[in-house]
Amino acid sequence: MTADTVATNKLMDKFDGHRSIWLFGYGSLIFKADFPFIERRPASISGWTRRFWQGSHDHRGTQAAPGRVATLVAQPGAVCDGMSYLITPEVFGHLDHREKNGYLRLAIDITFEDGSSVEGLVYIASEDNAAYLGTASELEIARQIAKSEGPSGPNRDYLNDLAVALRALGKSDLHVFAIEQHLSQLGQG
């Protein structure tokens with residue numbers, strides 16, 4: 001699959017005709033809501049875990065030196081915490097462009113902190129997209145993040161902002177926090 005997923009995402013018609021849709025964010029969407037939304041609520045999804053296995057050639061890195069950003073990987077029994085936003089379909093154009101580097105819109109069950117749930121959508125970069133970097137140790141990921149920078153700024157800012165946002169939500173993510181610790185030890189915290 002090509003890295004630019006804008007055209008593919010426009011074909012996703014699951015929510016056509018809906019006046020509003022819940023969007024689940026697990027990476028920069030937690031701390032950078034640069035789009036209009038009706039409501040925002042902490043939430044989680046089951047069966048998925050957050051991993052810094054996706055390359056960023058357009059925001060936190062370049063074609064020659066991609067950064068690493070979060071995607072979701074299926075993992076039975078896992079729970080991924082994040083932030084959900086009630087949006088209108090008019091926001092899709094902006095989000096599709098923002099998430100164009102390998103991310104596809106998928107329908108997913110979102111669970112709110114009060115135990116209620118709703119079907120919504122999430123952007124996931126699967127391993128078959130051209131920007132996928134794959135597995136690496138947290139130390140290797142930290143080393144790559146430490147030296148990567150793109151049009152949206154240093155890659156380390158993305159990782160550190162995500163760690164701060166997760167703590168503000170009262171949530172833990174061992175993968176994210178281990179990378180953060182390695183970055184700090186590398187003098188990039």
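What you see is a predicted model, and the numbers here were worked out from it, not measured in a lab.

For the rest of this paragraph, the subject is the overall build of the protein. Helix and strand counts for the protein come out as 6 helices and 7 strands. On C-alpha atoms alone, the protein measures out to a radius of gyration of 16 Å, which is about the 16 Å that the 2.2 N^0.38 rule sets for 189 residues. Counting only C-alpha atoms, the protein reaches 50 × 35 × 30 Å along its principal axes. Evaluated residue by residue, the protein yields a buried proportion of 51% over its 189 residues. The contacts in the protein between residues at least 6 apart in sequence include a share of 75% that link residues at least 24 apart. For the protein, the accessible area works out to roughly 8,800 Å², and carbon and sulfur atoms hold 50% of it. The averaged location of the 23 negative side-chain charges in the protein is 4 Å from the averaged location of its 18 positive side-chain charges.

Another point: the packing of helix 5 (residues 155-168) against helix 6 (residues 174-185). Relative orientation of the contacting elements helix 5 and helix 6 amounts to 130°, with a least axis distance of 10 Å. Taken together, the axis directions place helix 5 and helix 6 in an arrangement best described as oblique. Our pair here, helix 5 against helix 6, has a crossing hand that is left-handed. Here helix 5 contributes R156, L159, N160, L162, A163, L166 and R167 to the contact with helix 6, which in turn contributes V176, F177, I179, E180 and L183.

Given two aromatic rings, one states the distance between the centres and the angle between the planes to describe the pair. Going through the model one piece at a time under the given rule, you end up with 7 aromatic pairs. Taking 4.8 Å as the distance between ring centres and 65° as the angle between the ring planes, the aromatic pair formed by W22 and F112 counts as edge-to-face. Of the two residues, W22 is situated in strand 1 (residues 21-25) and F112 in strand 4 (residues 104-112); the sequence distance between them amounts to 90 residues. By the burial criterion, W22 is buried, and F112 matches it.

What counts, and where the lines are drawn
Residues numbered from 1 in each chain as written. Predicted model: local features only at pLDDT ≥ 70, side-chain atom pairs only at ≥ 80, totals over all residues. Heavy atoms only, no water. Helix = DSSP H or I, 4+ residues; strand = E, 2+ residues; numbered from the N terminus. Rg over C-alpha atoms; globule rule 2.2 N^0.38 Å. Buried < 20%, exposed > 50% of the residue type's maximum accessible area, 1.4 Å probe, protein only. Contact = heavy atoms within 4.5 Å. Areas by Shrake-Rupley, 256 points an atom, 1.4 Å probe, with all protein chains shown as cover. Lys, Arg positive; Asp, Glu negative; His and termini not counted. Charge placed at Lys NZ, Arg CZ, Asp CG, Glu CD. Axes fitted to C-alpha atoms, helices over the stretch in contact; angles between N-to-C directions. Parallel < 35°, antiparallel > 145°, perpendicular 65-115°, else oblique. Left-handed = near helix turned anticlockwise from the far one by under 90°. Phe/Tyr/Trp six-rings, centres within 6.5 Å; stacked < 30°, edge-to-face > 60°.

Shape descriptors only; they carry no functional weight alone.
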